[in-house]
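Now for the letters of each chain:
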Amino acid sequence: MKACRSWRAALAACCAASWLTTIAAAQQRTPSIGYIYPAGGQAGTVFQITVGGQFLDGVREVVFSGEGLPPDGIRAKVLQLIKPLTQKQANDLQDKLSQLRERVRTEAARRRRLGLPADNMSVLIEVAKEIGISAEDIRALEEYRRIRNDPKRQPNPQIAERLIVEITVAPEVPQGTYLLRAVHPTAMSNPLRLQIGPWQEVLEQEPNEGDTPHQITEAFPVVINGQILPGDVDRFRFSAKKGQRLTAVVFARELIPYLADAVPGWFQATLSLQTADGKELAYVDDYRFHPDPVLSVEIPADGEYVLEIKDSVFRGREDFVYRMAVGNIPFVTTVEPAGLRQGATREFRLDGWNLSQRTVEISAANLPPGIHALAPTQMNGALGRVLFAVDPLPDVAEKEPNDAPAQAQTVPLETIVNGVIDRVGDRDLYTFSGKKGDEIVLEITARRLGSPVDSFLRLLSPNGEQVAAGDDWEDKGVGWLTHHADSYVRAVLPQDGQYRVEVRDMQQGGGQDYIYRLRISRPLPDFQLRVVPSCLNAQPGSTLPVDVYALRKDGFDGEIRLKIGDSGDDLRLSGNRIPANQEHVRMTVTVPPSRATGVLQPRLLGEAEIAGSTVTREAVAADDLMQAFFYRHLVTADPWTVFVGGRSRFVPALTPANAVPIKVPAGVSASFRFALPVFSRSANMPALKWELLEPDEGISLGTVSVSQDRISVPVQAAAGVAPGLKGNLILQLFTEHKRPNSNQSFKIFVGVLPAIPFEVVPAGPTAEKTADADQDRS
């Protein structure tokens with residue numbers, strides 16, 4: 001027996017040591033990147049970029065992903081990491097350099113006597129080498145001073161570190177936008193966008209303000225790359241011929257969709273075209289509702305012209321990055337019709353500027369329902385955000401005139417109409433036959449396709465009375481959109497007869513580009529999924545929380561079961577159900593300790609029962625981005641990636657002894673218990689603290705008690721929590737330590753336990769007895 005106890009103690013001590021050695025690795029901060037400059041390049045070339053971010057120590061690799069990207073199509077070589085000086089480093093360096101002043105003056109005088117170059121900086125660099133101070137150190141100190149002394153520039157730790165990377169792009173890489181991530185041995189960064197195109201690239205040359213614009217000598221078309229710092233105005237001068245169609249397309253918000261700490265939440269670029277003597281010919285601060293400006297002008301006379309770009313309120317910093325394609329650039333403004341039926345093939349008409357191709361054939365044979373984008377390669381290299389919809393219903397074209405009730409176009413139920421608000425003041429009327437008690441859905445898809453339509457819908461009864469109306473409706477699946485201007489109406493028909501649907505633009509706009517799709521159908525219950533974050537950083541043996549959002553459609557409110565598809569079948573999900581009537585669940589993913597390090601791209605699938613059939617939908621990876629200190633958006637960043645790095649992690653395998661889901665009576669504390677594994681029953685294990693990771697409102701954790709062979713975890717639902725709430729309890733473990741010579745303490749994260757489902761039940765004797773019975777059974 002004594003030998004057995006000795007064996008257990010030794011095993012516990014060994015496990016404790018393993019546990020503690022992996023705690024330090026867990027404290028490695030995940031690399032974060034905030035901008036790329038330049039944010040793109042030309043196919044078939046080699047160029048350098050700067051990646052600004054934080055916690056970039058140890059980043060040795062940069063990787064790329066994106067639809068159509070060939071293997072090794074874009075390769076990266078990390079050349080250098082430049083980190084800003086801390087205040088202490090700057091002070092120490094300044095003290096050392098101050099001691100060299102007399103030597104610098106003496107050496108400079110000697111050089112002048114000999115007729116040699118004797119500027120103070122070059123002399124300082126030579127003298128400083130003797131005491132181990134490099135030219136890079138001196139430049140870092142100069143930059144530190146410059147930023148500190150510039151009232152318009154505040155140090156920003158989130159983008160202060162700079163990774164210098166050499167990019168090699170193969171000639172066959174298609175024109176398009178790809179995702180870049182920085183890779184540390186233990187973690188992968190968030191994604192940023194890098195554009196690859198066919199045209200020559202130009203980097204702005206400062207100073208280029210006022211009377212000293214950057215002269216563009218390269219033949220158009222070119223892509224100009226720049227950064228806007230506080231108060232900065234970038235000006236570019238070029239020659240143009242009379243009658244030339246000059247198009248300038250700015251990419252700014254397109255590169256960085258949201259800034260968390262800036263209002264309105266992105267770099268709001270403005271663009272103007274001026275004559276050489278300063279006369280303004282055109283000014284734009286957006287394109288339709290999109291913040292990035294697009295300008296297209298016919299040049300009035302031979303001569304010199306200037307393009308000027310700035311922030312609308314003269315803000316700026318390093319992540320105010322832009323790319324501007326200039327020249328005889330093909331640009332698509334409209335694709336018509338706005339979509340097609342799933343499985344069909346259709347020819348679409350393209351409108352725009354400088355187009356060599358006016359039609360494109362689109363096949364939806366292999367496309368799921370939803371919104372899709374045309375790639376530049378499908379439009380012969382043209383630019384423009386060209387989106388189209390794919391739906392399971394048949395569609396018909398609008399037929400004018402249909403403005404008056406007597407002219408309303410008759411359409412069947414279960415139909416989508418491809419329409420156009422073709423002039424100012426236009427309204428389109430449609431009629432369909434309905435029966436009393438039928439539930440009907442009317443939905444406009446326009447703004448989500450890039451159309452300027454700000455729709456308003458009305459459903460009118462057979463006698464002309466309004467049954468329902470709808471204006472703006474938010475589709476959380478379109479994370480880049482901030483003004484959700486599409487309309488949605490769901491109503492029960494009050495009588496038999498012919499009903500009318502009225503579509504108009506709330507802003508009284510109109511034109512051939514005001515396209516829309518109108519769905520008139522019975523409800524089509526369905527769902528989409530978003531999984532956040534887009535990249536999950538894990539160690540072998542670790543458990544991590546993951547958020548999954550259900551975007552429910554047309555009244556679907558059922559439970560959704562989550563599972564892993566291929567390419568990750570050894571990952572274990574816990575708490576992997578989105579409860580009925582809920583839009584979100586936080587579950588956990590556990591990586592087995594034996595999992596080799598590397599990149600996984602598993603498919604997360606959701607299954608639900610809809611109308612007697614099992615429906616499966618694949619989750620789309622997204623990141624939860626903040627806009628302007630407050631608003632949040634789910635911005636897609638496929639594919640979902642699990643990066644496994646670092647040393648294998650030891651976390652005790654604790655499984656609740658209670659039945660799950662844990663029943664928590666409203667207003668009453670209920671406990672559940674873990675049986676403590678034999679090898680964890682030792683004083684050598686660190687003293688663990690427990691906390692709930694972002695619990696549902698009203699759910700709290702009591703004091704966890706640890707005995708010789710079990711752990712008791714009390715959970716309470718506040719009295720105001722409605723019975724029926726379901727979710728997951730995610731327990732985070734940490735150790736707490738005192739700082740030397742201080743009363744302050746700090747936490748060291750240890751690990752997360754697999755999610756434990758819970759359900760809030762009504763308070764009362766029955767619920768309390770059930771909770772007690774669970775405790776006794778454990």
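A quick note: this is a predicted structure, and the numbers were derived from the prediction, not measured.

Student: For this particular structure, what's the right way to read the overall build of the protein chain?
Tutor: Broken down by element type, the protein chain carries six helices and 58 strands. Along the three orthogonal principal directions, the C-alpha set of the protein chain runs to about 105 × 100 × 45 Å. The burial tally for the protein chain puts 51% of its 778 residues in the buried class. Pairs at least 24 residues apart make up 70% of the contacts formed inside the protein chain by residues separated by at least 6 positions.

Student: Can you help me understand the nonpolar core in this one?
Tutor: Nonpolar side chains in soluble globular proteins generally cluster together in the buried interior. Of all hydrophobic cores here, the largest spans 47 residues; its most connected members are Phe 238, Leu 271, Leu 273, Leu 307, Tyr 322, Met 324 and Leu 383. Contacts of Leu 273, omitting those with residues within four sequence positions, involve Phe 238, Leu 246, Lys 279, Glu 280, Leu 281, Ala 282, Leu 295, Val 297, Ile 299, Tyr 305, Val 306 and Leu 307. If you look at the next biggest cluster of nonpolar residues, it comprises 30 residues, including Leu 544, Leu 571, Val 585 and Ala 619.

Student: Explain the sheet that holds strand β31 (residues 455-460) to me, please; I cannot follow it from the model alone.
Tutor: Strands pair in a sheet through their backbones, by hydrogen bonds, and they do so in one of two ways: parallel or antiparallel. The strand order across the open sheet formed by five strands is β27-β29-β34-β31-β32, and the pairing between neighbours is mixed. With partners counted over all chains shown, the strands left at the sheet margins are β27 (409-410) and β32 (466-470), one partner each. As paired elements, β31 and β32 share four bridges and run antiparallel to each other. Bridging from a neighbouring strand, Leu 457 pairs with Gly 470 of β32.

Student: What's the story with unusual backbone geometry in this structure? I'm lost.
Tutor: Backbone phi values are negative for most residues with the exception of glycine, while trans is the configuration of most peptide bonds. The omega angle of the peptide bond from Glu 206 to Pro 207 is -5 degrees, so this bond is cis rather than trans. Mapped onto the elements, Pro 207 comes out in the loop between β10 (200-203) and β11 (214-215). Cis peptide bonds are those with omega within 30 degrees of zero, and the linkage from Val 263 to Pro 264 qualifies with 15 degrees. Along the chain, Pro 264 falls in the loop between β14 (245-251) and β15 (269-275). Positive phi outside glycine occurs at Asn 354, with the angle close to 60 degrees.

Student: How do you make sense of the packing of helix α3 (residues 101-113) against helix α4 (residues 120-129) when you look at a structure like this?
Tutor: Relative orientation and spacing of two packed helices are given, respectively, by the angle between their axes and the distance between those axes. As a packed pair, α3 and α4 sit with axes 9 Å apart at the nearest point and diverge in direction by 115 degrees. Note on packing geometry: the crossing formed by α3 with α4 is right-handed. Facing Arg 103, Val 104, Glu 107, Ala 108 and Arg 111 of α3, the residues of α4 in contact are Asn 120, Ser 122, Val 123, Leu 124, Glu 126 and Val 127. Classifying every residue of the contact of α3 with α4 by side-chain character gives five nonpolar, two polar and four charged.

Student: How should the pattern of salt bridges be read in this particular structure?
Tutor: Side chains carrying opposite charge are able to pair once their charged atoms draw close together. Tallied over the full model, the rule gives 40 salt bridges. Where Arg 423 meets Asp 403, a salt bridge forms, and the shortest distance between an N and an O atom there is 2.3 Å. One end of the pair, Arg 423, is in the loop between β28 (415-420) and β29 (427-434); the other, Asp 403, is in the loop between β26 (395-397) and β27, and 20 residues separate them in sequence. Salt-bridge contacts for Glu 414 lead to Arg 522; the nearest nitrogen and oxygen are separated by 2.8 Å. Here the residue Glu 414 occupies a position in the loop between β27 and β28, and Arg 522 occupies one in the loop between β35 (515-521) and β36 (526-532), the gap between them amounting to 108 residues.

Student: Teacher, can you tell me more about the environment of Asn 328 here?
Tutor: Positionally, Asn 328 belongs in the loop between β19 (321-327) and β20 (331-336). Sequence separation between Asn 328 and Arg 245 is 83 residues, and the spatial gap between their C-alpha atoms is 6.2 Å. In this structure Asn 328 touches Arg 245 and Asn 354, once residues within four positions along its chain are discounted.

Student: Help me understand α4 in this model?
Tutor: Given 3.6 residues to a turn, an α-helix orients residues that are three or four positions apart in the same direction. Taken together, the buried positions of α4 are Val 123, Leu 124, Ile 125, Val 127 and Ala 128. If you follow the buried residues of α4, they end up packed against α2 (87-98), α3 and α5 (135-149).

Student: Hey, could you run me through the pairing of strand β39 (residues 560-564) in this one?
Tutor: When a strand is regular, its side chains alternate between the sheet's two faces. A one-sided burial pattern is seen for β39, the buried positions being Ile 560, Leu 562 and Ile 564 and the unburied ones Arg 561 and Lys 563. In this structure, β39 lies alongside strand β41 (residues 577-578), joined through two bridges in antiparallel fashion. Counted as the bridge partner of Arg 561 is Arg 577 from β41.

Thresholds, definitions, all that
- Residues numbered from 1 in each chain as written.
- Predicted model: local features only at pLDDT ≥ 70, side-chain atom pairs only at ≥ 80, totals over all residues.
- Heavy atoms only, no water.
- Helix = DSSP H or I, 4+ residues; strand = E, 2+ residues; numbered from the N terminus.
- Buried < 20%, exposed > 50% of the residue type's maximum accessible area, 1.4 Å probe, protein only.
- Contact = heavy atoms within 4.5 Å.
- Core = buried A, V, L, I, M, F, W, Y, C linked by side-chain atoms within 4.5 Å.
- Pairing = 2+ DSSP bridges.
- Axes fitted to C-alpha atoms, helices over the stretch in contact; angles between N-to-C directions.
- Left-handed = near helix turned anticlockwise from the far one by under 90°.
- Nonpolar A, V, L, I, M, F, W, Y, C, P; charged D, E, K, R; others polar.
- Salt bridge = Lys/Arg side-chain N within 4 Å of Asp/Glu carboxyl O.

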